[in-house]
Amino acid sequence: MARLTARLTARLTARPTPAAAPWRALVLAAAALYFLVPLAASVVFTVDVPGQGVNLDAYTRILDTEGFLPSLLLSLELAAATIAVVLLLLVPATVALRLTASKLRPVVEVVCAAPLVVPPIAFVAGIGTVLKWGPEHLSRTPLFQTFVAVQNPDFPVVLVLAHAVMALPFAYRALDSGLRAIDVRTLVEAARSCGASLPHALLRAVLPNLRGGLLSASFLTLALVLGEFTTAQLLGFRPFAVWIVNISGSQAQMSVAVSVMSLLVTWLLLLLLAGFGSRRTPSSTTDRK
């Protein structure tokens, strides 16, 4: 039995043989085709005008289209606010799970995974019920103005709260993976032994080493907010994703062009965040000869 276990362990830990290289290249090529062919078809649809040939009007008229800039700016504002809320909620919680509250990890994981189980329609229906119940029963209380303020079309706070809940599963996994890669307890104890307080130790010792996890959580939240449609549409707001769907009926080519542009911008942001996260600070010490 021990010999069989040793053989299985050796096979699992062995490096891939050169014979596996062609299969790896084939899988990567298939994945590239799976993503690039639909993108190429979308680009062809936006520039190919029957009877006119190649035409870039679908891209040149994007900035002049009514509602483009307001909806895009609204989505970016919602994304920034959602990222701040998610990080303020999860960073202290995940660090506390590593330091003092490890027994609560199953509870936190279940709570963060709950948005994946609840259907978006049921989630939005619950939010809509609460928003309708509040003004009807709290019209004579100070909370009435709160229900009105969170539904302000210029900046709907209710969307920030809804997006923060929906982003919990992805942001939690990103932060948890980042914390697994570092020894949080040793970093905090070393900082405390140097005279730093606990908040100062977290800010100066833990967060700089958690930069990759923070960037991953921020990017996943940004992508979710920019592409989320169901919640905003059913609640009656018009961020970027809803605007794209609304113009698709009358300007199909432009809606696809905007989708292609938003996808490319999202990829560009991913590359920038990945490059920023992998960049290392220069060492403060130099080699002396």
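Before reading on, note that the structure itself is shown above.
Engineer: Sorry if this is basic, but what is going on with the overall build of the protein here?
Structural biologist: Secondary structure assignment for the protein yields 14 helices and two strands. Look at the contacts in the protein between residues 6 or more apart in sequence, and 74% of them connect residues 24 or more apart. For the protein, the computed accessible surface area is about 18,700 Å², with 68% contributed by carbon and sulfur atoms.

Engineer: I would appreciate a short explanation of the layout of surface pockets in the present structure.
Structural biologist: Rolled over the atoms, a probe with the dimensions of a water molecule shows which regions are left empty. Here the largest pocket is characterised by a volume of approximately 390 Å³. What lines the largest pocket is a set of 19 residues, among which Phe-240, Met-261, Ser-262, Leu-263 and Val-265 lie closest to the centre. Listed by contribution, the elements that provide at least two residues to the lining of the largest pocket are helix H4 (68-99), helix H11 (211-227), helix H13 (240-247) and helix H14 (252-278). With eight residues, H14 is the single largest residue contributor to the lining of the largest pocket.

Engineer: Just to check I follow, could you spell out the nonpolar core for this structure?
Structural biologist: Inside soluble globular proteins, nonpolar side chains tend to come together where they are buried. Membership of the largest hydrophobic core comes to 24 residues, with the highest contact counts inside it found for Leu-90, Val-95, Leu-175 and Val-184. Residue contributions to this core peak at eight residues, all from helix H8 (residues 157-180). Counting residues in hydrophobic clusters, the runner-up holds 21 residues, among them Ile-83, Leu-131, Leu-159 and Ala-162.

Engineer: Sorry if this is basic, but what is going on with the side chain of Ser-255 here?
Structural biologist: Position of Ser-255 among the secondary structure elements: in helix H14. Those residues within four positions of Ser-255 in sequence are excluded, and the remaining contacts are Ile-244, Ile-247 and Ser-248.

Engineer: Sorry, what's going on with the pattern of salt bridges here?
Structural biologist: Here the idea is simple: oppositely charged side chains can pair when their charged atoms come close. Taken as a whole, this structure holds four salt bridges when the rule is applied. Notably, a salt bridge pairs Asp-176 with Arg-105, separated by 3.0 Å at the nearest N-O pair. In this pair, Asp-176 sits in helix H8 while Arg-105 sits in helix H5 (residues 105-117), placing the two residues 71 residues apart along the sequence. By relative accessible area, which is 5% here, Asp-176 ends up buried. For Arg-105, a relative accessible area of 16% puts it in the buried group. Several salt bridges share partner residues, and in doing so they unite Arg-98, Arg-105, Glu-109, Asp-176 and Arg-180 into one network.

Engineer: Just checking my understanding: could you explain the packing of H4 against helix H9 (residues 184-193) for this structure?
Structural biologist: When two helices pack together, you describe them by how their axes are tilted relative to each other and by the distance separating the axes. With their axes 9 Å apart at the nearest point, H4 and H9 run at an angle of 90 degrees to one another. Taken together, H4 and H9 sit at an angle that is classed as roughly perpendicular. Touching Val-95, Arg-98 and Leu-99 of H4 are Val-184, Arg-185 and Val-188, all from H9.

Engineer: Any chance you could explain helix H10 (residues 198-206) here in plain terms?
Structural biologist: Working note: α-helix, 3.6 residues per turn, so residues spaced by three or four point in the same direction. The complete set of buried residues in H10 reads Ala-201, Ala-205 and Val-206. Viewed end-on, H10 has its buried residues packed into an arc of 75 degrees, placing them on one side of the element. Residues of H10 that are exposed and point over 90 degrees away from its buried face: Pro-199, Leu-203 and Arg-204. Tucked into the core, H10 has its buried residues touching H4 and H9.

Engineer: What's the story with the environment of Trp-133 in this structure? I'm lost.
Structural biologist: Along the chain, Trp-133 turns up in helix H6 (residues 120-137). Trp-133 sits in the partly exposed class, given a relative accessible area of 43%. Separated by 14 residues in the primary sequence, Trp-133 and Phe-147 have C-alpha atoms spaced 9.8 Å apart.

Engineer: Explain the packing of aromatic side chains here, please?
Structural biologist: The geometry of two aromatic rings is summed up by the distance between their centres and the angle between their planes. Applying the stated criterion across every chain yields a total of four aromatic pairs. Taken together, a centroid distance of 6.1 Å and an interplanar angle of 15 degrees make the contact between Phe-240 and Trp-243 stacked. Residue Phe-240 and its partner Trp-243 are located together in helix H13, separated by three residues, close to a single helical turn. The pair Phe-240 / Trp-243 is uniform in exposure class, with both members buried. Chaining the aromatic ring pairs together yields one cluster made of Phe-68, Phe-240 and Trp-243.

Engineer: How should I be thinking about the environment of Gln-145 in this particular structure?
Structural biologist: Mapped onto the secondary structure, Gln-145 falls in helix H7 (residues 143-149). Sequence separation between Gln-145 and Pro-135 is ten residues, and the spatial gap between their C-alpha atoms is 8.7 Å.

Engineer: Is there a simple way to think about the environment of Glu-109 in this case?
Structural biologist: Residue position: Glu-109 is located in helix H5. The partly exposed category is assigned to Glu-109, whose relative accessible area is 22%. Along the primary structure Glu-109 and Arg-173 are separated by 64 residues, whereas in three dimensions their C-alpha atoms are 9.1 Å apart. In contact with Glu-109, not counting residues within four places along its chain, are Tyr-172 and Arg-173.

Thresholds, definitions, all that
- Residues numbered from 1 in each chain as written.
- Predicted model: local features only at pLDDT ≥ 70, side-chain atom pairs only at ≥ 80, totals over all residues.
- Heavy atoms only, no water.
- Helix = DSSP H or I, 4+ residues; strand = E, 2+ residues; numbered from the N terminus.
- Contact = heavy atoms within 4.5 Å.
- Areas by Shrake-Rupley, 256 points an atom, 1.4 Å probe, with all protein chains shown as cover.
- 1 Å grid on protein atoms, 1.4 Å probe; cavity = no way out; pocket = protein on both sides within 12 Å on 5 of 7 lines; lining within 4 Å.
- Points joined across faces, edges and corners; volume = space filled by probe spheres on them.
- Core = buried A, V, L, I, M, F, W, Y, C linked by side-chain atoms within 4.5 Å.
- Buried < 20%, exposed > 50% of the residue type's maximum accessible area, 1.4 Å probe, protein only.
- Salt bridge = Lys/Arg side-chain N within 4 Å of Asp/Glu carboxyl O.
- Axes fitted to C-alpha atoms, helices over the stretch in contact; angles between N-to-C directions.
- Parallel < 35°, antiparallel > 145°, perpendicular 65-115°, else oblique.
- Arc of directions from axis to C-beta.
- Phe/Tyr/Trp six-rings, centres within 6.5 Å; stacked < 30°, edge-to-face > 60°.

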